[in-house]
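Chain residues, written in single-letter form:
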Amino acid sequence: MSPAEFALLVAAGIVGGLTGSIAGLASLATYPALLAVGLAGCQTNPVSGRSQLVLVSEEQAQASSAQAYTQTVNEAQQKGKLSTDAALNARVKRITDRLIVQAGNMYAPSRSWKWSVAVIDEPTLNAWCMPGGKMAIYTGIIRKLNLSDDEIAQVMGHEISHAILGHGRERMSRAMATQGGLMLGSIVAGYDLSVLAPVADVALTLPNSREGESEADRYGIELAARAGYDPHAAIRLWEKMSQASGNGLPQFLSTHPAPDNRIQALNALVPKMMPIYEKARQ
Ligand SMILES: [Zn+2]
């Protein structure tokens, strides 16, 4: 955040010491304050070219994500919920490794990310990729939807796209705005990364925007095609997902709201993706 942006936030009553922060907490509930936050933190994403609300630097987002990821993995391990299925772990790693190479070609800074993937043994239909490449996929989504390698590649390609498109930072920024000025004030004043870890957690439970979903669909299918995974699997994946939602909303759909024309839009992309896929298969 530049001094000018900081000044804007102070002017908006969102930061400025403890008293200012508490005042900010109240004013955040009002539309003008949120608007001020938006004005203070809009940046153009280098991959998509779209303007995004960003209150968190890439470094902060990655540091707090790494912290939240370590915590999630440690907790899963303590509960015996980290998958010990060697074949499944190897399968997921093989697929994500191929996607990671292509992510580097799409967004060069991701080549220096410390990528990691956890397979968590829980029945939930979920998967995510935080800023900086910290990923998880849950056994529930693989087993209940009986996912093929191509379909796992579509899930993780979509998730990785959220990360390289800066959607994690967007969600963290929204989590900060949601949690109020107190946290925002302390972050801006002291860059206290420890208070950002809960923001990374909260961000994972917030839905992406529909616009963000369309972007992740578009880039995800291409990422998977470049890595040699069948674009048709994207259609099958979302069909399976919508069938599964008959038994209550899967967590994945609560955080990845469907753009109205998701399957149509993906269908329209398949012919464009096939040459990329076929070239990657050679
Ligand atoms: Zn998504």
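Residues numbered from 1 in each chain as written. Predicted model: local features only at pLDDT ≥ 70, side-chain atom pairs only at ≥ 80, totals over all residues.

## Some remarks on the confidence of the model for the chain
In the predicted model, the chain carries a mean pLDDT of 82, and the fraction of residues at 70 or more is 79%. Across residues 1-39, confidence stays below pLDDT 50; counting only partners more than four residues off in sequence or on other chains, it has 59 contacts. (pLDDT = per-residue confidence, 0-100. Contact = placed C-beta atoms within 7 Å.)

## Quick look at the pairing of strand β5 (residues 134-138)
Consecutive side chains along a regular strand alternate between the two faces of the sheet. Counting buried positions along β5 gives five out of five residues, so the element sits mostly inside the fold. Judged by which residues are buried, β5 turns out to be covered on both faces: Lys-134, Ala-136 and Tyr-138 on one side and Met-135 and Ile-137 on the other are all buried. Where strand β4 (residues 127-129) and β5 come together, three bridges link them in antiparallel fashion. Note on β5: the bridge partner recorded for Cys-129 is Met-135. (Buried ≥ 20, exposed ≤ 12 C-beta atoms within 10 Å, placed from the backbone. Helix = DSSP H or I, 4+ residues; strand = E, 2+ residues; numbered from the N terminus. Pairing = 2+ DSSP bridges.)

## Details of the sheet that holds strand β3 (residues 116-120)
Spatial strand order, β3-β5-β4: three strands in an open sheet with mixed pairing. For this open sheet the edge positions go to β3 and β4, each flanked by a neighbour on one side alone. Within the sheet, the average angular offset between the axes of one strand and its neighbour, ignoring direction, is 15 degrees. Sheet topology places β3 next to β5; five bridges connect them, and they run parallel. When the sheet's bridge partners are listed, Ile-120 is paired in β5 with Tyr-138. (Axes fitted to C-alpha atoms, helices over the stretch in contact; angles between N-to-C directions.)

## Concerning helix α7 (residues 149-164)
Each α-helix winds once per 3.6 residues, and so residues spaced three or four apart point in a common direction. The first and last C-alpha atoms of α7 sit 22 Å apart over 16 residues, in line with the 22 Å expected at 1.5 Å per residue. Most of α7 sits out of view: 14 of its 16 residues are buried. One or two steps after α7, the chain reaches Gly-166, where phi turns positive at roughly 75 degrees. (Expected span 1.5 Å × (residues − 1).)

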